[in-house]
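If you want the building blocks of each chain, they are given just below.
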Amino acid sequence: MSPTIGKTFIFFLLSILYLFSTIVSHQHHHPLDPLTPSEFNRVRTIIENSHSGSNHSLTFQYVGLEDPDKQTILSWVSNPNTTIAPPRRAFVITRLDKNTHEIIVDLSTNSVISDQIYIGHGFPILTSDEQTAAIELPLTYPPFVESVKKRGLNLSDVVCSTFTVGWFGEAETSRVLKILAFYIDGTTNMYVRPVEGITVVVDLDEMKITEYHDRFRVPVPKAEGTEYRASHQKPPFGPKLRGLATMQPDGPGFEIDGHTIRWANWAFHLGFDVRAGPIISLASIYDLDQRKFRRVMYRGHISELFVPYMDPTEEWYYKTFFDLGEFGFGQSAVSLEPLTDCPTHAVFMDGYYAGQDGKPTKISNVFCIFEKHAGNIMWRHTETGIPGEVIREVRPDVSLVVRMVATIGNYDYIIDWEFKPSGSIKVGVGLSGILEVKGVTYTHIDQIKQDLYGTLLAENTIGVYHDHFVTYHLDLDIDGTSNSFVQNNLETKRVTDNVSPRKSYWTVVSKTAKTEADAKIKLGLKPAELVVMNPNKKTKVGNHIGYRLIPGSVDGPLLSDDDYPQIRGAFTKYNVWVTPYNKSEKWAGGLYTDRSRGDDTLAIWSLRNREIVNKDIVLWYTMGFHHVPCQEDFPVMPTLSGGFELRPTNFFERNPVLKTKPPKNVQWPNCTTTRT
């Protein structure tokens, strides 16, 4: 059989299989479902056949669902049985012959409908495979081997890690990484034992070392006291914590149908993306008074995570990472461990992404979904003002949590989406893992006479100051797509008419943002409530319905605007931005973030100053952490948590959980203890 006939036959089989699978799964396939393993394989075959003459250098940098048209999705959601679902399409970024290709594959026709070469600045997300290949190169590179030998270290105990290099005004850039070395003799905690002074530069397209530097030597920090594995700990141990057995006699209170999750009065779609990680779509809440589901959010996900370090020296200045755009949250996701990462009653879901060769890679237990019984109170009141009566009503709080953990190098990020029956969506971020440290000659702070850009955590160990800026893309649809953004400022007023002994009070002065410029906000400067409201719908008493942002940390960047990392991360300058919905505006740091120049970011898009009144709008919120390392963060960091809340504001006619019945609890004998 000739190659041409063989390829034609394969395409014929693919078409028949797809037609059969479409007929079988038509009723069950949600148009926002992430690509399946079989779809990843089909995308790979289709693209390889379209570039059959150059397959030797073809790599898949990103493969994900091509977002269907929003209005088409909303029409399908309204009438899934009568509306034709949009065609399944994949958006693919490949590297081929040192060019970046943007490709759209139509899976309904098994064809490439668009293939364009990207000619702008920046490069696509790095793959795990190319990073693995890059870190192996130094171990057989003679100058590196000699540098390790001169330091008296065993090459077999040296491991390497990859670091993106950013952009610092260069006219021309190439796809390169810097490779740094760490020493694991006596510990698995590699990041706290850096081998300072050695820098290797690897060209990823050529996959070879193009630069090598061995500038200085300092002692490698000691291994003693850095091991974090439980099996390697020695007495005395920390406080003893007792276990807790939980059970749900009636089973879990939520249902999972494919990627659609229903719980209590909530329904939403959970997707997985190699770059974003978890994507929450079509989040809707059931209104008991209106007897229908009302949409709150069309789509929500992390858009970028900017982590600049504050050491401007030669060995550190470039460490200004964009973790989603360079490394990928989904690609960096880890399998969650039952009973530790998630409680006993959690349900797990797997995730898939395309590897560098286009083949599907499975991450088992990438999500866990569980009901959270934390001992909190949903609402309560004790009434003692009525003579002869004591009235007490309490409702325990229960919520539903979707969790994922991404480990990007030394840091672990715990991402939670928490849905509450009251209508709130709480979003949490937990930072744990290992600090990025540098080795120094100092063993006590009294020896330090200059700025070392960090904290001395242990002998020869500096924890470098740094930031974490987590930017969320929140496409809120408050009971419809036409929304406005309102800033309710709390302003002090003087009492001037002598009708009250009071001298002052505060009141609310509302301002509706007309354009993008009006909606750029640095939080913490003045008291205000920020509300996305529907100007076309009101409650019975006349209030516009809405949801407000209750922010968490209000930290903002301290870098100067003309500093190259801040030019690339200019979207962090304001905590809040609001833009008109645009399908292509998903990634705050730009689609091509590696070595980007800041010319395709949220800050640039907003310069158009588009109208945002009564429009389909997107709320962008950046939560910042300034991290000054301390000794308690060493050798592994207790989780530092932050978050924000999206809370209904005049969305319902009254408290939506007023009539909520408390859950049936299993009462064990002698489980209540009273001390007098």
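Heads up: these notes are all about the structure in this document. (Residues numbered from 1 in each chain as written. Predicted model: local features only at pLDDT ≥ 70, side-chain atom pairs only at ≥ 80, totals over all residues. Heavy atoms only, no water.)

1. Considerations on the environment of lysine 586
Heads up, the rule is: Strands here are runs of E lasting at least two residues and helices are runs of H or I lasting at least four, both read from the DSSP assignment and numbered beginning at the N terminus. Between N or O atoms, a polar contact is any pair within 3.5 Å; within protein, one atom must be a potential hydrogen donor and the other a potential acceptor, and residues adjacent in sequence are included only when both atoms are from side chains.
With respect to the element layout, lysine 586 can be found in the loop between strand E30 (576-580) and helix H8 (602-605). For lysine 586 and leucine 474, which are 112 residues apart along the polypeptide, the C-alpha to C-alpha distance reads 9.8 Å. A polar contact is formed between the side chain of lysine 586 and the side chain of aspartate 67, at a distance of 3.2 Å.

2. Re unusual backbone geometry
Residue proline 236 is reached from proline 235 by a cis peptide bond, and omega for that bond is 0°. Among the secondary structure elements, proline 236 is positioned in the loop between strand E8 (208-214) and strand E9 (254-257). In this structure, the amide linkage connecting phenylalanine 634 to the following residue, proline 635, adopts the cis form with an omega of 5°. Of note, proline 635 is situated in the loop between strand E31 (617-627) and strand E32 (637-649). The residue lysine 98 is not glycine, and still its phi comes out positive at about 65°.

3. Digging into the sheet that holds strand E23 (residues 454-458)
The strands making up a sheet associate through backbone hydrogen bonding, with each pair oriented either parallel or antiparallel. Just so we agree on the cut-off: Strand pairing requires that DSSP identify at least two bridges connecting the strands. Axis definition: a line fitted to C-alpha atoms, limited for helices to the stretch in contact. Angles are taken between N-to-C directions and run from 0 to 180 degrees.
Spatial ordering of the open sheet is given by E22-E24-E23, a layout of three strands whose pairing is antiparallel. The open sheet terminates on both sides in strands that have one partner only, identified here as strand E22 (437-439) and E23. Averaged over all pairs of adjacent strands, the angle between their axes in this sheet comes to 35°, without regard to strand direction.

4. Quick notes on the sheet that holds strand E6 (residues 176-183)
The line we're drawing: By definition in these notes, contact holds between two residues if any of their heavy atoms fall within 4.5 Å.
Read from one edge of the open sheet, four strands run E5-E6-E7-E8, paired in antiparallel fashion. Both edges of this open sheet fall to strand E5 (158-163) and E8, since each of them pairs with a single strand only. Strand-to-strand, the axes of this sheet are offset by a mean angle of 30°, without reference to chain direction. Along the sheet face, helix H4 (residues 128-136) touches E5, E6 and strand E7 (194-203) and points at about 135° away from the line of E5.

5. Observations regarding the nonpolar core
We apply this condition: Take the buried residues of types Ala, Val, Leu, Ile, Met, Phe, Trp, Tyr and Cys, join any two whose side-chain atoms come within 4.5 Å, and each joined set is a nonpolar core. Each residue gets one of three labels from its accessible area relative to the maximum for its type: buried under 20%, exposed over 50%, partly exposed in between, using a 1.4 Å probe on protein chains only.
Counting residues in hydrophobic clusters, the biggest one holds 117 residues, and the most contacted among them are Phe329, Trp417, Tyr472, Leu474 and Phe485. If you tally residues by element for this core, the top one is E6, at six residues. The residues touching phenylalanine 485, leaving out its near neighbours within four places in the chain, are Lys511, Thr512, Ala513, Ala519, Ile521, Leu530, Val531, Val532, Val576, Val578, Ile617 and Leu619. Counting residues in each nonpolar core, the second largest holds 16 residues, with Leu35, Ile47, Leu58 and Leu96 among its members.

6. Some remarks on H4
We count it as follows: Note that the arc is defined by the directions from the helix axis to the C-beta atoms.
Of the positions making up H4, those classed as buried are Glu130, Gln131 and Ala134. For H4, the arc enclosing every buried residue in end-on projection is 100°, short of the 170-degree limit, so these residues lie on one face. Those residues of H4 that are buried lie in contact with strand E1 (59-65), E5, E6, E7 and helix H6 (323-327).

7. Comments concerning helix H2 (residues 37-50)
Our working definition: How far a helix is expected to stretch is found by multiplying one less than its residue total by 1.5 Å.
Over its 14 residues, H2 extends 20 Å from the first C-alpha to the last, a length consistent with the 20 Å expected when each residue adds 1.5 Å. Among the residues of H2, those classed as buried are Glu39, Phe40, Arg42, Val43, Arg44, Ile46 and Ile47.

8. Focus on the packing of aromatic side chains
Rule in force here: Stacked, tilted and edge-to-face pairs are distinguished by plane angle, under 30 degrees for stacked and over 60 for edge-to-face with tilted covering the rest, among Phe, Tyr and Trp rings (Trp via its six-membered ring) whose centres lie within 6.5 Å. Placement of a positive charge over a ring is assigned whenever Lys NZ or Arg CZ falls within 6 Å of the ring centre and within 35 degrees of the normal to the ring plane.
According to the stated counting rule, one finds 28 aromatic pairs in the structure shown. An angle of 65° between the planes, with centres 5.3 Å apart, marks the rings of phenylalanine 182 and tyrosine 191 as edge-to-face. Residue phenylalanine 182 shares its accessibility class with tyrosine 191, and that shared class is buried. Summarising the aromatic geometry, the rings of tyrosine 472 and phenylalanine 644 are spaced 5.1 Å apart at their centres and angled 70° between planes, so their arrangement reads as edge-to-face. Residue tyrosine 472 is located in strand E25 (residues 466-476), and its partner phenylalanine 644 is located in strand E32; the two are separated by 172 residues in the primary sequence. Assessed through its relative accessible area of 0%, tyrosine 472 is described here as buried. Looking at phenylalanine 644, the relative accessible area reads 4%, which means it is buried. Here the guanidinium or amino end of arginine 275 rests over the ring plane of tryptophan 587, the centre of that ring lying 4.3 Å away. Here the guanidinium or amino end of lysine 319 rests over the ring plane of tryptophan 316, the centre of that ring lying 3.6 Å away.

9. Details of the side chain of aspartate 397
One can find aspartate 397 in the loop between strand E18 (391-396) and strand E19 (399-408). When its relative accessible area of 11% is taken as the criterion, aspartate 397 is described as buried. Leave out the neighbours within four places in its chain, and aspartate 397 touches Lys372, His373, Asn376, Ile377, Met378 and Lys420.

10. Regarding the pattern of salt bridges
The test is simple: Salt bridges are counted wherever a side-chain nitrogen of Lys or Arg sits within 4 Å of a carboxyl oxygen of Asp or Glu.
This structure, assessed with the given rule, holds 40 salt bridges. Residue arginine 175 pairs with glutamate 130 through a salt bridge whose shortest N-O separation is 2.9 Å. Of this pair, arginine 175 sits in the loop between E5 and E6 while glutamate 130 is found in helix H4, placing the two residues 45 residues apart along the sequence. Comparing arginine 175 with glutamate 130, the two get one shared label, buried. With a shortest N-O distance of 2.8 Å, aspartate 416 and arginine 403 are connected by a salt bridge.

11. Overview of the environment of aspartate 67
Within the element layout of this structure, aspartate 67 appears in the loop between E1 and helix H3 (70-78). Taking the relative accessible area as the measure of exposure, aspartate 67 reaches 13% and is therefore buried. It is 7.6 Å that separates the C-alpha atoms of aspartate 67 and lysine 583, two residues lying 516 residues apart in sequence. Filtering out sequence-adjacent residues up to four positions away, aspartate 67 remains in contact with Arg299, Lys583 and Lys586.

12. Some thoughts on the pairing of E9
With four bridges connecting them, E9 and strand E10 (residues 260-263) associate as antiparallel partners. Bridge assignment links aspartate 257 to a residue of E10, and that residue is threonine 260. Between E9 and E10, which pair antiparallel one after the other, the connecting turn spans two residues, and glycine 258 there sits at a positive phi close to 70°.

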